[in-house]
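# Structural overview for review
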Amino acid sequence: MPVSIYQTAYNLIQNSITGWEKSIINSCQFADEVILAVNTSDDDTDSAIRDVLWEYKNWKIVPANFSKLDPFWDGRMKNLALQNCSHDWKIQKDCDETIPVWQRPLWDNAFMQLQFSGRKVLAVPSVDIYKDENHYKSINYKTYGSIGQLWRGPAGNALKPG
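Reference entry: report on the structure contained in this document. (Residues numbered from 1 in each chain as written. Predicted model: local features only at pLDDT ≥ 70, side-chain atom pairs only at ≥ 80, totals over all residues. Heavy atoms only, no water.)

## Thoughts on the packing of helix α1 (residues 20-30) against helix α2 (residues 45-52)
Running from amino to carboxyl end, α1 crosses α2 at an angle of 55°, the nearest separation of the two axes being 10 Å. Compared by their axis directions, α1 and α2 come out oblique. Considering how the two elements wind past one another, α1 and α2 form a crossing that is right-handed. Of the residues in α2, those touching α1 at W20, E21, I24 and I25 are A48, I49 and V52. For the contact of α1 with α2, the class distribution of residues is six nonpolar, no polar and one charged. (Axes fitted to C-alpha atoms, helices over the stretch in contact; angles between N-to-C directions. Helix = DSSP H or I, 4+ residues; strand = E, 2+ residues; numbered from the N terminus. Parallel < 35°, antiparallel > 145°, perpendicular 65-115°, else oblique. Left-handed = near helix turned anticlockwise from the far one by under 90°. Contact = heavy atoms within 4.5 Å. Nonpolar A, V, L, I, M, F, W, Y, C, P; charged D, E, K, R; others polar.)

## Things to note about the environment of V38
Within the secondary structure, V38 is located in strand β2 (residues 33-39). Taking the relative accessible area as the measure of exposure, V38 reaches 6% and is therefore buried. Sequence spacing of V38 and M77 is 39 residues, and the spatial spacing of their C-alpha atoms is 7.8 Å. (Buried < 20%, exposed > 50% of the residue type's maximum accessible area, 1.4 Å probe, protein only.)

## Remarks on the packing of aromatic side chains
Enumeration according to the criterion identifies one aromatic pair in this entry. With 5.5 Å between their ring centres and 70° between their planes, Y10 and W73 make a pair best called edge-to-face. Here Y10, found in the loop between β1 (3-9) and α1, pairs with W73, found in helix α3 (residues 73-83); they are 63 residues apart in sequence, far enough to count as distant. For Y10, a relative accessible area of 18% puts it in the buried group. Look at W73 and you get buried, because its relative accessible area is 15%. (Phe/Tyr/Trp six-rings, centres within 6.5 Å; stacked < 30°, edge-to-face > 60°.)

## Describing the side chain of N26
Assignment of secondary structure puts N26 in helix α1. Residues within four places of N26 in sequence aside, it is in contact with K93, T98, I99, P100 and V101.

## Notes on the nonpolar core
Of all hydrophobic cores here, the largest spans 26 residues; its most connected members are W20, I24, L36, I49, L53, W59 and I91. For this core, the elements supplying multiple residues, two or more each, are β1, α1, β2, α2, β3 (59-64), β4 (89-92) and α4 (104-117). Take this core: its biggest share by element is four residues, from α1. Contacts of L36, omitting those with residues within four sequence positions, involve Q7, I24, I49, L53, W59, K60, I61 and V62. Core analysis: the second largest hydrophobic core is formed by twelve residues, A64, W73, L82 and C85 among them. (Core = buried A, V, L, I, M, F, W, Y, C linked by side-chain atoms within 4.5 Å.)

## Quick look at α4
Taking 1.5 Å of rise per residue, the 14 residues of α4 would be expected to cover 20 Å, and the 20 Å separating its terminal C-alpha atoms lies within 8% of that figure. Along α4, the residues classified as buried are R104, W107, A110, F111 and L114. Down the axis of α4, the smallest arc covering the buried residues is 110°, so these residues share one side. Facing away from the buried side of α4, by more than 90 degrees, are the exposed residues P105 and F116. (Expected span 1.5 Å × (residues − 1). Arc of directions from axis to C-beta.)

See below:
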């Protein structure tokens, strides 16, 4: 089943977001389509993304211009990226997260579970690739896969595959 990954980006270089290159390359290797909503950046983030992804054909940048003064600007960017996804199965991840490519069959299985569970969203493990003072962050359930265009609600309502 075709899968879209959508991500947002803003000043990745200026904000020293560690591992963003690995994260978006991982998205291109994992998904059938990658949508990147890039807010107007001061550090040429969109050009840096184009330079990193030149060899991949399954991605698209969606330009955004949301004010950082808007308390919901990050959510608006995610919604913009989500609206540009063309596949029914969608995964939202941040630019500091990766999903191991070898997990794709597990995701396909998890999406099948989701389809028959009556729920609309799936919380799945991902790995944050930024460091704290001791080591890389651990696996978490911050990445979501969903059916349809929009999901809002507490993470507790998400199916966590066992």
